[in-house]
Amino acid sequence: MPFDMPPPANGLNAPQVSATLARLHQDARQDRNVLLRALPAILTGYLKARSTFESAEPYLKDAYISVSPEFGQLMYLAALSAGARNIVEFGSSFGISAIYLAAAARETGGRFTGTEKDPSKAQIALANLAEAGLSRWSDIREGDAMESLAPLQGPVDFVFLDGWKDLYIPVLHLLEPKLAPGAIILADNIFSFRKTLKPFVEYVSDPAGQYETTTLTIGSGVSWSVWRGKTG
Ligand SMILES: C[S@@+](CC[C@H](N)C(=O)[O-])C[C@H]1O[C@@H](n2cnc3c(N)ncnc32)[C@H](O)[C@@H]1O
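Cut-off values and rules
- Along each chain, the written sequence defines residue order, and numbers are assigned to residues from 1.
- Totals for whole chains, interfaces and linings use every residue, but because this is a predicted model, local features are given only for residues with pLDDT of at least 70 and side-chain atom pairs only at 80 or more, for both listing and counting.
- As a rule here, side-chain values come from all non-hydrogen atoms in the structure, and water together with hydrogens is ignored.
- Bear in mind that the domain bounds are from an automatic or database domain assignment.
- For this analysis, residues touch if any pair of their heavy atoms sits within 4.5 Å.
- By convention, the term buried area covers the 1.4 Å-probe accessible surface removed from two parts as they join, with the contributions of both added.
- By convention in these notes, a salt bridge is any Lys or Arg side-chain nitrogen within 4 Å of a carboxyl oxygen on Asp or Glu.
- Any pair of nitrogen or oxygen atoms within 3.5 Å is treated as a polar contact; in protein, a donor-acceptor pairing is required on top of that, and neighbouring residues in sequence qualify only through side-chain atoms on both sides.
- Helical segments are the DSSP runs of H or I of at least four residues, strand segments are the runs of E of at least two, and each set is numbered from the N terminus.
- Any two strands between which DSSP finds at least two bridges are classified as paired.
- Axis lines are fitted to C-alpha atoms, over the contacting stretch for helices. Their N-to-C directions set the angle, which ranges from 0 to 180 degrees.

Trainee: What's the story with the domain arrangement of the protein in this structure? I'm lost.
Mentor: Its domain assignment divides the protein into domain 1 (15–62) and domain 2 (69–227). The C-alpha-based centres of domain 1 and domain 2 are spaced at 20 Å. Facing 13 residues of domain 1, the contacting portion of domain 2 comprises 18 residues. Of the roughly 1400 Å² buried between domain 1 and domain 2, counting both surfaces, carbon and sulfur atoms make up 63%. Of all residues in domain 1, V17, H25 and F53 bury the most surface against domain 2, accounting for 34% of the area lost on that side. Taking the shortest distance from any N to any O, the salt bridge between D118 and K61 comes out at 2.9 Å. In this structure, the connection of domain 1 to domain 2 is made through seven residue pairs in polar contact (both at pLDDT 80 or more). The element best represented in the side of domain 1 that touches domain 2 is helix α1 (residues 15–27), accounting for seven residues.

Here it is as structure tokens:
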């Protein structure tokens, strides 16, 4: 390559990646309307002692509920600096966070595996990864992550937990025998689902346990854990 040519754009600056992310973050602004439509159900659910989340779930089919650009960039950099080659996500929705993580996998020579139980979301997430030019380094497993991640090959270097909150602990337990030493586990919505996620936070923060954890005041609260346990 001649010296005066710029290096190929890569990472999040690759034109296909940045254009797809810009389009998706713009589209994700429609979530406000989805949540407004869900409001009556949330209020009725409140009277019946249902959680906000339980009441809103039928409406969330159309919602991105995605990470912010800042948090996406943070995950990209975390995965990149750790040289994470096997990157796994619980809850991919339409694929916004998946693009940040698959872009990191392309840089590290690794692979990103997402999971999404809603079939139409899973298909759209795959199409969005293709639009970003990242299909070769990524996959979205359709169906319940508890089943779709069971056959996953380890060692797993990086996990992002963002599906329904009652499954953070079961999904983590499922992956634990496959975690690489020093694997990074990021989990979203620690503040917005404070009560539901209390057992999860206690689990990953237990000084006698197998993680070291901190919680970041970013978005709706993100826990960052490092696996210090024994890999099976
Ligand atoms: C908060 S959204 C994920 C947003 C996505 N990580 C992003 O930032 O673009 C949560 C998603 O998890 C999916 N989900 C919930 N439970 C799941 C399960 N058991 N297996 C796979 N996906 C699940 C939901 O359908 C929903 O699309």
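Trainee: How should the sheet that holds strand β5 (residues 179–188) be read in this particular structure?
Mentor: Paired through their backbone hydrogen bonds, the strands of a sheet run either parallel or antiparallel. The seven strands are arranged β3-β2-β1-β4-β5-β7-β6 in an open sheet whose pairing can be described as mixed. Strands with a single pairing partner mark the edges of an open sheet, and in this sheet they are β3 (138–142) and β6 (211–216). Taking each pair of neighbouring strands and ignoring which way they run, the sheet shows an average axis angle of 15 degrees. With three bridges connecting them, strand β1 (residues 86–90) and strand β2 (residues 111–116) associate as parallel partners. Considered in β2, the bridge of V88 is made with T113. Taken strand by strand, helix α4 (residues 69–81) contacts β1, β4 (156–161), β5, β6 and β7 (222–227), and its axis lies near 165 degrees from that of β4. Helix α9 (residues 198–205) rests against β4, β5, β6 and β7 of the sheet, and its axis sits at about 130 degrees to β6.

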